[in-house]
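# Tertiary structure, described
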Amino acid sequence: MQIVGINQNYVNKNNWASVSFSGFCNNKFLLKSLEFASNNGALFAAGTALLSSAIIRPFAILATPKAEKENKQYACAKSISSSLVGFGIMALISTPIVRAVENIAKRPQKYLNNNSIKIFKDNSKTLANSSKFQFISKIFKLSAGFITAFPKAFFTCALIPPVMAFFFNKKEISNTEKNHQISFTGRNLPNNLYKNFTEKLSIGIGKIMDLKPIQNLSQKYHQTNIAQHIFSANDILLTGLFVKSVAKNKDIKENRKKALIYNASIMTALTIVGGYAVNKILDKPTEIFIKKFKEINANSTKLNKYIDGVKVAKPALILSVLYYFIAPIVSTMLAEIATTKEKAS
């Protein structure tokens, strides 16, 4: 398999060290992106999903051979509505969680007991640079995906009919479909109210971090690929909730529901299995990239944050490529085959 942009000779794991990342590792856009991925991995993943599923993925689905046109249109509508809803809700929910965790990192004495600080800090100079604290912080930050799963699945399903009407059949926009359009407009929370909310959230998260089982978890698993596990678990939860919502939705044609359900289920399965496989293949290149990155940015005060961002961005981008570029074609074809067989029987 050839990796785009890199000569095939470099794919051999013994030759990866000869790849030069000079000029790329200190690129301002890259550094800002990695910092953002570290600060808010859930929103970073939602952002990559938004760009991919609203633009590239619909073209991939529509280009799928041997699939009914309307089934492909419903799959596109699901992709667009899912990304719009996901990013909007994720931004709303993840931001205060991220701020609350940052409060703890900046002023640990206020929110954690001394024993917790000692355990999480380990041998690091600061709590924020500790891999154990980063592990637990990542769990809280990425947990926003689970919190948003229920509203995202519901609104994704609710938006499919109006998205279908808007993009594929504008002449058939009915009053019912118009009434089902969802608006995310609203007023921003007053600054004092938001500050008080994040303060209470910091206190609550701090109390959880003080628990012995949580500290044991960080000590035992802080070197594991927690971001990939959370992203995958979130995809499974979202797909299950979406399937349930589609089955109950009266605005989606009955003869299109099975294809939509099969499409979503197959695509999630392919993405998760493929995600772990590709992530494993790219372990060695990632290690070499991180080593080069550390050498080039050795004097940066945010080096640890950038490295943490790499660990979050890697699975997010892998899953995004699989879920929005490759899996749509395969899942749409398999869903079509499954529904055609059911009709024949």
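Look above for the structure.
Residues numbered from 1 in each chain as written. Predicted model: local features only at pLDDT ≥ 70, side-chain atom pairs only at ≥ 80, totals over all residues. Heavy atoms only, no water.

### Concerning the pattern of salt bridges
When charged atoms on two side chains of opposite charge get close, those side chains can pair. Let me state the cut-off plainly: Throughout this description, the term salt bridge denotes a Lys or Arg side-chain nitrogen within 4 Å of a carboxyl oxygen of Asp or Glu. The helix and strand labels rest on DSSP assignments: H or I over at least four residues marks a helix, E over at least two residues marks a strand, and numbering proceeds from the N terminus. Partly exposed residues are those whose accessible area sits between 20% and 50% of the maximum for their type, while under 20% is buried and over 50% is exposed, using a 1.4 Å probe and protein chains only.
What the rule picks out here adds up to 6 salt bridges. Ionic pairing is found between lysine 110 and glutamate 199, a salt bridge with its closest N-O pair at 3.1 Å. One end of the pair, lysine 110, is in helix H4 (residues 108-111); the other, glutamate 199, is in helix H9 (residues 191-209), and 89 residues separate them in sequence. When its relative accessible area of 49% is taken as the criterion, lysine 110 is described as partly exposed.

### Considering the nonpolar core
The cut-off we apply is this: We define the nonpolar core as a collection of buried residues of types Ala, Val, Leu, Ile, Met, Phe, Trp, Tyr and Cys that are connected through side-chain atoms lying within 4.5 Å of one another. Any pair of residues with heavy atoms lying within 4.5 Å of one another is described as a contacting pair.
Core analysis: the biggest nonpolar cluster contains 43 residues, and Met209, Phe231 and Phe293 have the highest contact counts within it. If one sorts the elements of this core by residue count, helix H14 (residues 303-344) sits on top with 8 residues. Contacts of methionine 209, omitting those with residues within four sequence positions, involve Ile104, Leu112, Ser116, Phe120, Phe133, Ile136, Ser137, Phe140, Ile214 and Gln215.

### A short note on the packing of aromatic side chains
The following threshold applies: Pairs were defined over the aromatic rings of Phe, Tyr and Trp, the Trp ring being its six-membered one, requiring ring centres within 6.5 Å. Orientation was assigned from the angle between planes: stacked under 30 degrees, edge-to-face over 60, tilted for the rest.
Inspection of every chain in the model, using the stated rule, returns 4 aromatic pairs. With a centroid separation of 6.2 Å and 70° between ring planes, the pair formed by phenylalanine 120 and phenylalanine 133 is classed as edge-to-face. A residue pair is termed long-range when its members are at least 10 positions apart, and phenylalanine 120 in helix H5 (residues 114-121) and phenylalanine 133 in helix H6 (residues 131-142) qualify at 13 residues. There is no split in this pair, since phenylalanine 120 and phenylalanine 133 are both buried. Measuring from ring centre to ring centre gives 5.9 Å for phenylalanine 289 and phenylalanine 293, while their planes differ by 45°; the resulting arrangement is tilted. Taken together, the residues span about one helical turn, with phenylalanine 289 and phenylalanine 293 both in helix H13 (residues 283-296) at a distance of 4 residues. Here phenylalanine 289 matches phenylalanine 293 in class, with each residue buried.

### As for the packing of helix H11 (residues 226-248) against helix H12 (residues 254-281)
The cut-off we apply is this: Only the stretch in contact is used when a helix axis is fitted, and all axes are lines through C-alpha atoms; the angle between N-to-C directions ranges over 0 to 180 degrees. Convention used here: angles under 35 degrees read as roughly parallel, angles over 145 as roughly antiparallel, angles from 65 to 115 as roughly perpendicular, and any remaining angle as oblique. We call Asp, Glu, Lys and Arg charged. Ala, Val, Leu, Ile, Met, Phe, Trp, Tyr, Cys and Pro are nonpolar, and the rest, Gly among them, are polar.
Running from N to C, H11 and H12 cross one another at 175°; their axes reach a closest spacing of 9 Å. In terms of axis orientation, H11 runs roughly antiparallel to H12. Taking contact as the criterion, the partners of Gln228, His229, Ser232, Asp235, Ile236, Thr239, Phe242, Val243, Val246, Ala247 and Lys248 in H11 are, on H12, Lys257, Leu260, Ile261, Ala264, Ser265, Thr268, Ile272, Gly275, Tyr276 and Asn279. Residue classes in the contact of H11 with H12 are distributed as 10 nonpolar, 8 polar and 3 charged.

### Some details on the environment of lysine 110
Test applied: Here a polar contact is taken to be a pair of N or O atoms separated by no more than 3.5 Å, where protein atoms must pair a possible hydrogen donor with a possible acceptor and residues adjacent in sequence count only if both atoms sit in side chains.
The spacing of lysine 110 and serine 202 is 92 residues in sequence and 9.5 Å in space, taken between C-alpha atoms. Polar side-chain contacts of lysine 110 include one of 3.1 Å to the side chain of glutamate 199.

Interpretation in functional terms is not warranted from these geometric data alone.
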